[in-house]
Amino acid sequence: MTTQNYYPGNYANLEVIWYFCNINVAFMTIAIFLVVQKLKIPESKWIKRLSSATFGIYLAHFILVQALTDIFLPIPHLPATLKIFSIAILGFSLSFLITKLMDSNSITRRFIK
């Protein structure tokens, strides 16, 4: 591997190429944005509710995903794919629920909008 030439003894630095703040993530984000922008999705109540909660979900999901990872990873008999899907679905659902609960209170509403 080419990166091992630059970091011969310190393998922790090999993960630099997987960081979220690199050019690969920027290109993937741009591509997904352009594809979604071209989609013709009919308006619905469900999509409106979801889109009004996206910023709150964005703020809450990181903490929840970390906590759920700590819960699900030590389970030895659960397949990795099931762990990943469980963390993703629970993380999204709990983030949405927290966002909606915060939206129902006039004091906390300003933090998620």
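Residue positions within a chain follow its written sequence, with the count starting from 1. Local features in this predicted model are restricted to residues of pLDDT 70 or higher, and side-chain atom pairs are both shown and tallied only at a pLDDT of 80 or more, whereas totals for entire chains, interfaces and linings draw on every residue. Remark: hydrogens and water are excluded; side-chain values derive from all non-hydrogen atoms of the structure.

**Looking at the side chain of Lys 83**
1) Next: Helical segments are the DSSP runs of H or I of at least four residues, strand segments are the runs of E of at least two, and each set is numbered from the N terminus. Tracing the chain through its elements places Lys 83 in helix 5 (residues 80-103).
2) Next: To sort residues, take the accessible area from a 1.4 Å probe on protein chains only and compare it with the maximum for the residue type: under 20% means buried, over 50% means exposed, and anything in between is partly exposed. Here the positive residues are Lys and Arg and the negative ones are Asp and Glu; neither His nor the chain ends is included. The term salt bridge refers to a pairing of a side-chain nitrogen on Lys or Arg with a carboxyl oxygen on Asp or Glu at a separation within 4 Å. Of the side chains bearing the opposite charge, Asp 70 lies closest to the buried Lys 83, which forms no salt bridge; the N-O distance is 12 Å.
3) Next: N or O atoms within 3.5 Å of each other form a polar contact, as long as, within protein, one can give a hydrogen and the other can take it, and as long as residues adjacent in sequence are counted only when both atoms are side-chain atoms. One polar contact links the side chain of Lys 83 to the main-chain carbonyl oxygen of Ile 75, over a distance of 2.9 Å.
4) Next: Here, two residues are considered to be in contact whenever any of their heavy atoms come within 4.5 Å of each other. Discounting chain neighbours no more than four positions away, the residues touching Lys 83 are Phe 72, Leu 73, Ile 75 and Leu 78.

**Brief notes about helix 5**
1) Next: Here helix 5 is 24 residues long and its end C-alpha atoms lie 34 Å apart, about the 34 Å a rise of 1.5 Å per residue gives.
2) Next: Taken residue by residue, helix 5 has Lys 83, Ser 86, Ile 87, Gly 91, Ser 95, Thr 99 and Asp 103 as its buried positions.
3) Next: In this structure, the buried side of helix 5 is in contact with helix 4 (54-72) and helix 6 (109-112). Between the first and last residue of a helix there are one fewer steps than residues, each counted as 1.5 Å, and that sum is the expected span.

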